[in-house]
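Coordinate analysis (summary)
Each chain, written out:
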Amino acid sequence: MADHSVEITEGCRLPVLRKNQVNEDEWPLAEILSVKDILGKKLYYVHYIDFNKRLDEWVTPDRLDIKKLQFPKKEAKTPMKDGLPGSRPSSPERDVLFSNLHHVQTASATSRGKTLPTPKRKAESVSLATQVTAVTPVPSLPSSAEASQASVYPAMRDSSFSIKSRDEHEPLTSLTTNGTTSIQRHLIPPQPGRKRKSCGGTDEDSQDSSDGIPSAPRMTGSLVSDRSHDDIVTRMKNIDCIELGRHRLKPWYFSPYPQELTSLLILYLCEFCLKYLKSLKCLQRHLTKCNLRHPPGNEIYRKGTISFFEIDGRKNKAYSQNLCLLAKCFLDHKTLYYDTDPFLFYVMTEYDSKGFHIVGYFSKEKESTEDYNVACILTLPPYQRRGYGKLLIEFSYELSKVEGKTGTPEKPLSDLGLLSYRSYWSQTILEILMDLKSENGERPQITINEISEITSVKKEDVISTLQYLNLINYYKGQYILTLSEDIVEGHERAMQKRHLRIDPKCLHFTPKDWSKRGKW
């Protein structure tokens, strides 16, 4: 559909043909990020507007609908704004964004007597940070006077459900800080989460397809990507294919591998030490010298063929950096730190006769001031949708239980990470509520603090999950949790599919006091 008499340049927008999840043709609007010429034939790198960046791709001219081409506005017609010229021609919707950002930056710069550079083009049409903002309201808590202890009422539809309802009674009681001071705010009724279109790729283990949105994420995590430095290079995938053991992986995002490797058709990785090599021959030569058959570090968990290894980012720097490079191919909202010293890496593997093969991993700070128990978390694509993601999450909370702490993942979460965590929190909390037993014929009661202590899930995550599940109700002057028959049946179906679980008896882990610098 491309008209070769019209020159399509970077910044142009037009519909592009692609296949959707059910293999049907569709024409979403896309932005041209780059153009290249191979043997006289042009290829265009496109980003589909309102779709995840992992779907970005090189397309041929015949997939472009030139009739609806939108040209970027010319830079020459854009007046100077306070002496700061635009760094690039803006695309059709970019001027509004620029003026808003410019207003904020000018105000802050004036107060400091500094001149700030012109903000670069936005990294994505809809960033995850935008999607995750308070669709579900930030949870607040009832005062102790209003809810000393909340009873639990089952929602009964028929008498056949009365037996089950006895175990589902849910409570929500007053929360106290340090056991004394109650938080003087009211619980906000839950609001239904906004449905988002799936943008290809699915969560590796969320058994419920619901799209929960947690409360507004903090942006202060140590590995949160600073999107203000995004440029056209980092917006484009730079590695075509990675061979890791018996798998070939198609990266989703940019990863800062050395420039000379980006022109290769296939980048080869040693699946045990994760060293990158430019050819199969180099890999074969490396394997004759590489003695590793498992990740470096201590094996702290083994059950069946599943093992977890704890790797210190300071003691095993090369492995940790290689792991970060690989992970960045599939994580868009985290940045890469070559200084891996402050982090621990927990690598999950599957064992066979050839060795321990990496399935996924999560990292965490040795010392976190914000109770983060996960910095980055990833299940490699060949192992997604098989329950390994939830297993990683469950393992992170088992470590928190041993440490005697509550924890939460570093924000923002990726779309798939968000689905996995929301599903894990829902199943874990419902499991506790359904196991509650009534005493002396009274409805069972439990506090949010108790749920948090049992699960090691941070209180804010417990509350946001209860709101997401729409369990909180106000009845006769107190807050109660009501389990409907649909919730119960959905939970039971999900738990039947969840075969992989962490066995605490198989965990051999002794937490360290990292506040003493000498232990680093």
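Residue positions are given per chain, counting from 1 as you read along its sequence in written order. Reporting of local features is limited, given that this is a predicted model, to residues whose pLDDT is at least 70; pairs of side-chain atoms are given and counted only at 80 or more, and all residues count toward the totals for whole chains, interfaces and linings. For side-chain calculations, the full set of non-hydrogen atoms in the structure is used, while hydrogens and water are omitted.

A word on the overall build of the protein
- Here a strand is any run of E in DSSP of at least two residues, a helix any run of H or I of at least four, and the numbering for each starts at the N terminus. For the protein, the helix and strand inventory stands at ten helices and 22 strands.
- Burial analysis of the protein (520 residues in total) assigns 52% to the buried set.
- When the accessible surface of the protein is summed, it comes to about 25,300 Å², and 52% of that surface belongs to carbon and sulfur atoms. Residue exposure (1.4 Å probe, protein chains only): buried if accessible area is under 20% of the type maximum, exposed if over 50%, otherwise partly exposed. Here the Shrake-Rupley method, with its probe set to 1.4 Å, supplies the accessible areas, and only the displayed protein chains count as covering residues.

Remarks on the sheet that holds strand S17 (residues 355-365)
- Each pair of strands is called paired provided DSSP finds at least two bridges between the two strands. If you walk across this open sheet you meet the five strands as S14-S15-S16-S17-S19, and the pairing is antiparallel. One side of each edge strand has no neighbouring strand; the edge strands of this open sheet are strand S14 (298-303) and strand S19 (376-379). Neighbour to neighbour, the strand axes of the sheet diverge by 20° on average, direction disregarded.
- Examined bridge by bridge, strand S15 (residues 306-312) and strand S16 (residues 343-352) share seven bridges and lie antiparallel to one another. Each residue of the ladder has a partner; that of Glu 310, found in S16, is Tyr 346.
- Relative to the sheet, helix H5 (residues 317-328) contacts S15, S16, S17 and S19, its axis offset from that of S16 by approximately 80°. Every angle, taken between N-to-C directions, lies between 0 and 180 degrees, and every axis is a line fitted to C-alpha atoms, over only the stretch in contact when it is a helix. Contacts between residues were defined by any pair of non-hydrogen atoms, one from each residue, lying within 4.5 Å.

Regarding unusual backbone geometry
- Residue Lys 411 is joined to Pro 412 through a cis peptide bond whose omega torsion reads 0°.
- Relative to the helices and strands, Pro 412 resides in the loop between strand S20 (408-409) and helix H7 (415-434).
- Backbone geometry at Leu 274 places phi at a positive 65°, although glycine is not the residue there.
- Mapped onto the secondary structure, Leu 274 falls in the loop between strand S12 (267-269) and strand S13 (276-277).
- Taking the relative accessible area as the measure of exposure, Leu 274 reaches 0% and is therefore buried.
- Residues other than glycine seldom take positive phi values, yet Asn 470 does so here, at roughly 60°.
- For Asn 470, the position within the fold is in the loop between helix H9 (459-468) and strand S21 (472-475).

Quick word on the UniProt feature "active site" (unreviewed entry) in the protein
- UniProt positions are given in the numbering used here, feature names are shortened, and annotations may be inferred rather than shown by experiment. Following the UniProt record, one finds the feature "active site" (unreviewed entry) at Glu 410.
- Summarising the element assignment, Glu 410 is placed in the loop between S20 and H7.

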